[in-house]
Amino acid sequence: MKRPRARRCPTGKFRHPDETAARMALQGYHRGRRPRRGEQTAYACTSCGGWHLTSER
Ligand SMILES: [Zn+2]
């Protein structure tokens, strides 16, 4: 696994470089990690220019 050399976002969330990476992370969430019902959405962050995942209830 290679780590992105991106610095963290002021929000403290994990920063994804682009929408594709964010969506792949979403799929990884549902596959490998804890399956949650609340869907997560990828959105572009205006603070760091990256992408984050948000969970909606
Ligand atoms: Zn950000």
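By convention here, each chain's residues receive numbers from 1 onward along its written sequence. Local features in this predicted model are restricted to residues whose pLDDT is 70 or higher, and side-chain atom pairs enter the listing and the counts only when it is 80 or higher, whereas totals over whole chains, interfaces and linings include all residues.

J.: Would you take a moment to explain the overall build of the protein for this structure?
T.: Scanning the protein from terminus to terminus reveals one helix and two strands. Secondary structure is summarised from DSSP: a helix means a run of H or I of at least four residues, a strand means a run of E of at least two, and numbering begins at the N terminus for each. When its helices and strands are written in sequence order, the protein yields α-β-β. Each residue is represented by a C-beta atom placed from its backbone, and any two residues with such atoms within 7 Å are regarded as in contact. Contacts in the protein between residues far apart in sequence, at least 24 positions, make up 46% of those at least 6 positions apart.

J.: Explain the pairing of strand S1 (residues 40-44) to me, please; I cannot follow it from the model alone.
T.: It is a general feature of regular strands that their side chains alternate between the two faces of the sheet. Pairing of S1 with strand S2 (residues 51-55), which is carried by five bridges, proceeds in the antiparallel orientation. Within S2, the position partnered with Thr41 by the bridge is Thr54. Between S1 and S2, which follow one another and run antiparallel, lie six residues, and Gly49 among them has a positive phi close to 80°. Strands pair, by our definition, only if DSSP identifies at least two bridges between them.

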